Amino acid sequence: MAKVLEGLYYSESHEYVRVEGNYGFIGITDYAQHALGNVVYVDMPEVDDEVSAGEEFGAVESVKAASDLISPVTGVVVEVNEALDDQPELINSDAYEHWIIKVQMADTAELGQLMDAKAYTTFCEK
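Residues numbered from 1 in each chain as written. Predicted model: local features only at pLDDT ≥ 70, side-chain atom pairs only at ≥ 80, totals over all residues. Heavy atoms only, no water.

What follows concerns the sheet that holds strand 3 (residues 23-28). The strand order across the open sheet formed by 6 strands is 1-2-3-9-8-5, and the pairing between neighbours is antiparallel. Unpaired on one side and paired on the other, strand 1 (9-10) and strand 5 (50-51) mark the two borders of the sheet. Here strand 2 (residues 15-20) runs beside strand 3; their pairing, made up of 6 bridges, is antiparallel. By the bridge assignment, Arg 18 is partnered in strand 3 with Phe 25. (Pairing = 2+ DSSP bridges. Helix = DSSP H or I, 4+ residues; strand = E, 2+ residues; numbered from the N terminus.)

One pass over the structure, following the stated rule, counts 1 salt bridge. Of the charged contacts in the structure, one is a salt bridge between Glu 20 and Arg 18, with a shortest N-O distance of 3.4 Å. Residue Glu 20 is classed as partly exposed on the basis of its relative accessible area, which comes to 42%. (Salt bridge = Lys/Arg side-chain N within 4 Å of Asp/Glu carboxyl O. Buried < 20%, exposed > 50% of the residue type's maximum accessible area, 1.4 Å probe, protein only.)

Moving on, we get to the environment of Val 19. Looking at the element boundaries, Val 19 is found in strand 2. For the pair Val 19 and Tyr 41, spaced 22 residues apart in sequence, the C-alpha to C-alpha distance is 25 Å.

Attention now moves to the side chain of Lys 102. If you trace the backbone, Lys 102 turns up in strand 9 (residues 101-105). Glu 79 provides the closest opposite charge to the buried, salt-bridge-free Lys 102, at an N-O distance of 4.2 Å. (Lys, Arg positive; Asp, Glu negative; His and termini not counted.)

Put into structure tokens, the structure is as follows:
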């Protein structure tokens, strides 16, 4: 069973948001990295790019497949995880530790549309 952390928000497309104040750290879930297999490339937006909830902001490529990244929230990218440029496989070692982008969220109320750990676990078991 994939690891699901309490206190994060989860989307049906298997991204998570870790919230710190008005900032959201967005990455793919442990479930997603297991499904993808060995990650070989992460396509990330630029700092100052805008992302919108439900819209694509990049992609993760593995030896098996490529998967679009769908933003769970709307906001402006304030940081990208540059370590993933050289070591995309960090996502496989710990998907929650190695977030992909940090976003200044436009509206934290959007978090209410996402799942908590219990709901996401149930969703993944279906």
